[in-house]
Amino acid sequence: MADRSPRTSRAVLRIDDLQVYYGESHALQGVSLTLERGVLSVVGRNGMGKTTLCNTITGLKRARSGSIRLDGREISALEPHEVHRLGVGYVPQGRRVWPSLTVDEHLRLAAGGQRDASWTVERVYQTFPRLAERKTNGGSQLSGGEQQMLAIARALMGRPKLLLLDEPSLGLAPLIVKQIFEVIKELNRTDGLTVFLVEQNAFHALKLAHRGYVMVNGSITMSGTGAELLKREEVRAAYLKGGRH
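Attention here is on the structure that accompanies the text. (Residues numbered from 1 in each chain as written. Predicted model: local features only at pLDDT ≥ 70, side-chain atom pairs only at ≥ 80, totals over all residues. Heavy atoms only, no water.)

## Things to note about the overall build of the chain
- A count of helices and strands for the chain gives ten helices and ten strands.
- The C-alpha atoms of the chain give 17 Å as radius of gyration, which agrees with the globular expectation for 245 residues (18 Å, within 12%).
- Principal axes of the C-alpha set define a box for the chain whose edges measure 50 × 40 × 35 Å.
- Burial statistics for the chain: of 245 residues in total, 53% are counted as buried. (Helix = DSSP H or I, 4+ residues; strand = E, 2+ residues; numbered from the N terminus. Rg over C-alpha atoms; globule rule 2.2 N^0.38 Å. Buried < 20%, exposed > 50% of the residue type's maximum accessible area, 1.4 Å probe, protein only.)

Shown next as structure tokens:
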């Protein structure tokens, strides 16, 4: 189902008719969506193509055809480091923190030699007090929730205009999930950061989203505001009844 939302030059991210394959397997089938501002959530069960969509946006996977535009600029042929430099911060599934580097080393490495950045190590510690308490601990010494906070903080150090998160709640306790989503909400509210959120946890993702999409077998099957999708019986039956909320 193609996205029918208004298309304007204000879109931070615009994807049109994205076709992605793994060999003969058709992973993304004509995906189209638009993220103008705020929080966009793509929900769906495991194996539906959500991570492939993230990897294609960030340049880790090549599309066979289709368009990905960031602030009007085509990025589908760019390398991952080029996409990053244009302002896409990626928090991948599984966090992928370095086990031997301390929290502080992660953040200072991500900051590079930037000056006058909106995100500093000090600001990260104010936003994530738990990371300040654990700043001398290595990545392998952190809990899953702490690793997720560090992965988000590391992405923020790059001063992204678009923050892309792939399954940030995966494997975390309900209380930690709530904290992570509160941080995402606050980043959008106070900093105006545009967020692209991919999640199996449909309740939290759609509750947070200004706009939501449901992905099934590599295709967008439903779209609307987060509130609209939460009210739809098909969504409630497939993702909420008996689910994690």
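Moving on, there is more to tell.
## Digging into the pattern of salt bridges
- In total, this model carries eleven salt bridges according to the counting rule given.
- A salt bridge links glutamate 74 to arginine 69; its shortest N-O distance comes to 3.9 Å.
- The partner of glutamate 234 in a salt bridge is arginine 232, with the nearest N and O atoms 2.9 Å apart.
- Look at the salt bridges and you will find they share partners, linking Arg130, Glu133, Arg134 and Glu146 into a network. (Salt bridge = Lys/Arg side-chain N within 4 Å of Asp/Glu carboxyl O.)

## Regarding the layout of surface pockets
- Volume-wise, the largest pocket comes out at about 410 Å³.
- Along its surface, the largest pocket is lined by 18 residues, and His84, Tyr90, Pro92, Arg154 and Ala155 are the ones closest to its centre.
- At four residues, helix α2 (residues 80-85) tops the list of elements feeding residues into the lining of the largest pocket.
- Each residue belonging to the lining of the largest pocket can be placed in one class, and the counts come to eleven nonpolar, four polar and three charged.
- The space that makes up the second largest pocket amounts to roughly 210 Å³.
- Together, Lys178, Phe181, Glu182, Lys185, Phe203, His204, Lys207 and Leu208 line the second largest pocket.
- Where the lining of the second largest pocket is concerned, the elements lending two or more residues are α7 (174-191) and α8 (202-208).
- In terms of residue class, the lining of the second largest pocket is made up of three nonpolar, one polar and four charged. (1 Å grid on protein atoms, 1.4 Å probe; cavity = no way out; pocket = protein on both sides within 12 Å on 5 of 7 lines; lining within 4 Å. Points joined across faces, edges and corners; volume = space filled by probe spheres on them. Nonpolar A, V, L, I, M, F, W, Y, C, P; charged D, E, K, R; others polar.)

## Digging into the nonpolar core
- One finds Leu107, Val124, Phe128 and Leu131 to be the most contacted residues of the largest nonpolar core, which totals 45 residues.
- Tallying contributions element by element places helix α6 (residues 144-156) first for this core, with seven residues.
- Dropping the residues within four chain positions of it, phenylalanine 128 is found in contact with Met149, Ile152, Ala153, Leu156 and Val183.
- Counting 29 residues, the second-largest nonpolar core is a separate cluster that includes Val42, Leu70, Leu162 and Phe196. (Core = buried A, V, L, I, M, F, W, Y, C linked by side-chain atoms within 4.5 Å. Contact = heavy atoms within 4.5 Å.)

## A word on helix α1 (residues 50-57)
- Burial analysis of α1 places seven of its eight residues in the buried class, which makes it a mostly covered element.
- Those residues of α1 not exposed but buried are Lys50, Thr52, Leu53, Cys54, Asn55, Thr56 and Ile57.
- Looking at the residues trailing α1, positive phi occurs at glycine 59, about 90°.

## Quick look at unusual backbone geometry
- Even without a glycine there, the phi angle at arginine 159 is positive, about 50°.
- With respect to the element layout, arginine 159 can be found in the loop between α6 and β7 (162-166).
- The exposure class of arginine 159 is partly exposed, given its relative accessible area of 41%.
- The phi dihedral of glutamate 167 falls on the positive side, at around 55°, and the residue is not glycine.
- Structurally, the position occupied by glutamate 167 is in the loop between β7 and α7.
- Since its relative accessible area comes to 4%, glutamate 167 is described here as buried.

## Things to note about the packing of aromatic side chains
- Inspection of the entire model under this criterion finds zero aromatic pairs.
- Positioned above the aromatic ring of tyrosine 22 is the side chain of lysine 61, whose terminal nitrogen or guanidinium carbon lies 4.1 Å from the ring centre. (Phe/Tyr/Trp six-rings, centres within 6.5 Å; stacked < 30°, edge-to-face > 60°. Lys NZ or Arg CZ within 6 Å of the ring centre and 35° of its normal.)

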